[in-house]
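# Observations on the three-dimensional arrangement
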Amino acid sequence: MPSIKVSERDKRSLDYAIRSGIAGGLAGCVAKTAVAPLDRVKILFQASNPDFQKYAGSWTGAYRAGLSIYRDAGARGLLQGHSATLLRIFPYAAIKFMAYDQWRALLIPTRDHETNTRRFLAGALAGMTSVTLTYPLELIRVRMAFHSNIANKSGRPSFLRAMSLIYHESAPSTLPSSTPAAAATTKHIFERLPILKFYRGFTVTMVGMIPYAGTAFLTWDFLRAYFYPITHDKPGTRCAVSGLVSQTVSYPFEVVRRRMQVGGLTSPDRWLGWGETIRAVYASGGWRGFYVGLSIGYLKIIPMTGISFAAWQGFKRVLGL
């Protein structure tokens, strides 16, 4: 009993939090690197890049889109935006896994408090914490991945260039607006607080993170508790299942989020709202439009989640946790 109490108390210590965060950050980098080409293609599909819409909607579309990118820009094209991904994913994953350990210790101090609701809340709060602190990096990496050399011969955007473009983007004087008053108000806000340009799609991201992170950690923790005893742990299997479930539950939010994140390119004069973005997605593809790229999502999320959770546990053991 004394050793258990010490272990539980240590989980709330600064040393434990830092080590858990480092393990989570490294795990996130390993997992994201493994699926980087699929991530690039998925973003192009979700954000309706006009050069790649012809590939969407079929199981072979991801392969043909990837082949097109490779022919146009080589292997580097498949990793476009990955530098921003790594800059984002280390703090994002570090905060997410560290926050999960902390929220779980707070919400589930003993086995008597261990319920699926508390597991879900711990995961959701961990995801929301990490998104809040790292969202601008997410927007920058999406813009870098969305950029298409097929349509734009100016070259691959660097991290600093993408950040500069977002910060300075504004509406052309000839751009018509269906809601001049709203556009003028948003433009005034962007001029006074240009940092808000880095938070396009933030609200839908936060809402989507609740089912995504909550379900992922709930499924992982549930399977760990009921199907895999600690002495015969198989983290890869339960992690892959948790990724599959969480991706299915939260995918429509992700599609809407991508559209809003690239809104600065399509509608730089204003902040795209939930309603018009949802209507635009539906108008372009009906209800199927909310699941465009889902097949790629499955191909990506199963290995990525499996690798990230398994690597997190492995790095924690290496760091003595």
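So, here is what we can say about the structure in this document.

Rules used throughout
- Residues numbered from 1 in each chain as written.
- Predicted model: local features only at pLDDT ≥ 70, side-chain atom pairs only at ≥ 80, totals over all residues.
- Heavy atoms only, no water.
- Phe/Tyr/Trp six-rings, centres within 6.5 Å; stacked < 30°, edge-to-face > 60°.
- Helix = DSSP H or I, 4+ residues; strand = E, 2+ residues; numbered from the N terminus.
- Buried < 20%, exposed > 50% of the residue type's maximum accessible area, 1.4 Å probe, protein only.
- Lys NZ or Arg CZ within 6 Å of the ring centre and 35° of its normal.
- Contact = heavy atoms within 4.5 Å.
- Salt bridge = Lys/Arg side-chain N within 4 Å of Asp/Glu carboxyl O.
- Core = buried A, V, L, I, M, F, W, Y, C linked by side-chain atoms within 4.5 Å.
- 1 Å grid on protein atoms, 1.4 Å probe; cavity = no way out; pocket = protein on both sides within 12 Å on 5 of 7 lines; lining within 4 Å.
- Points joined across faces, edges and corners; volume = space filled by probe spheres on them.
- Nonpolar A, V, L, I, M, F, W, Y, C, P; charged D, E, K, R; others polar.
- Axes fitted to C-alpha atoms, helices over the stretch in contact; angles between N-to-C directions.
- Parallel < 35°, antiparallel > 145°, perpendicular 65-115°, else oblique.
- Left-handed = near helix turned anticlockwise from the far one by under 90°.

## A few points about the packing of aromatic side chains
Under the definition given, this model contains 13 aromatic pairs. When the centroid spacing of 4.4 Å and the interplanar angle of 25° are considered together, the rings of Phe97 and Trp312 count as stacked. Residue Phe97 is located in helix H5 (residues 82-107), and its partner Trp312 is located in helix H13 (residues 294-318); the two are separated by 215 residues in the primary sequence. The buried category is assigned to Phe97, whose relative accessible area is 1%. Aromatic pair Phe309 and Trp312: ring centres 6.4 Å apart, planes at 70°, arrangement edge-to-face. Of this pair, Phe309 and Trp312 both sit in helix H13, three residues apart, which is roughly one turn of the helix. Per residue, the accessibility class of Phe309 equals that of Trp312, and both read buried. Taken together, the ring pairs in this structure connect Phe97, Tyr100, Phe217, Trp220, Phe309 and Trp312 into an aromatic cluster. When the ring centre of Tyr92 is taken as reference, the NZ or CZ atom of Arg88 above it lies at 4.3 Å. Against the face of Phe97 rests Lys96, its NZ or CZ located 4.9 Å from the ring centre.

## Some thoughts on the side chain of Arg88
With respect to the helices, strands and loops of the structure, Arg88 is situated in helix H5. What makes Arg88 buried here is its relative accessible area of 8%. Non-local contacts of Arg88, meaning those with residues more than four positions away in its chain, are made with Lys32, Thr134, Leu137, Glu138 and Arg141.

## Some details on the side chain of Thr205
Along the chain, Thr205 turns up in helix H9 (residues 202-226). On the basis of relative accessibility, which here comes to 6%, the residue Thr205 falls in the buried class. Apart from residues lying up to four places away in sequence, Thr205 is in contact with Val131, Tyr135, Arg257 and Gln261.

## A few points about the pattern of salt bridges
Here the idea is simple: oppositely charged side chains can pair when their charged atoms come close. Taken as a whole and judged by the stated rule, the model has eight salt bridges. Arg19 is the partner of Asp15 in a salt bridge, and the nearest nitrogen-oxygen pair spans 3.1 Å. With Asp15 and Arg19 both in helix H2 (residues 14-34) and four residues apart, this pair spans about one turn of that helix. One network of salt bridges, with partners in common, ties together Arg104, Arg111, Glu114, Arg119 and Asp221.

## Observations concerning the nonpolar core
Counting 29 residues, the largest nonpolar core has Tyr100, Val131 and Trp312 as its most contacted members. At the level of elements, H2, H5, helix H6 (116-146), H9 and H13 are the ones that each hand at least two residues to this core. With sequence-adjacent residues up to four places away left out, Val131 is seen in contact with Tyr92, Phe202, Thr205, Met206 and Met209. Grouped together as the second largest cluster of nonpolar side chains are 19 residues, Phe52, Tyr55, Leu78 and Met260 included.

## Quick notes on empty space enclosed by the protein
For the coordinates displayed, the defined rule picks out three cavities of 30 Å³ or more. Taken as a whole, the largest cavity encloses approximately 520 Å³ of empty space. Arg88, Tyr92, Met209, Tyr212 and Met304 are the residues nearest the centre of the largest cavity, which is lined by 37 residues in total. Where the lining of the largest cavity is concerned, the elements lending two or more residues are H2, H5, H6, H9, helix H10 (235-261) and H13. Broken down by class, the residue content of the lining of the largest cavity amounts to 17 nonpolar, ten polar and ten charged.

## Looking at the packing of H2 against H5
For the pair H2 and H5, interaxial distance at closest approach is 7 Å and the crossing angle is 140°. The orientation of H2 relative to H5 falls into the category oblique. With respect to the hand of their crossing, H2 and H5 are arranged in right-handed fashion. Counting all contacts with H2, which are made through Tyr16, Ala17, Ser20, Gly21, Ile22, Gly24, Gly25, Leu26, Gly28, Cys29, Lys32 and Thr33, the residues of H5 involved are His82, Thr85, Leu86, Arg88, Ile89, Phe90, Ala93, Ala94, Phe97, Met98, Asp101 and Gln102. A breakdown of the residues in the contact of H2 with H5 according to their chemical character gives twelve nonpolar, nine polar and three charged.

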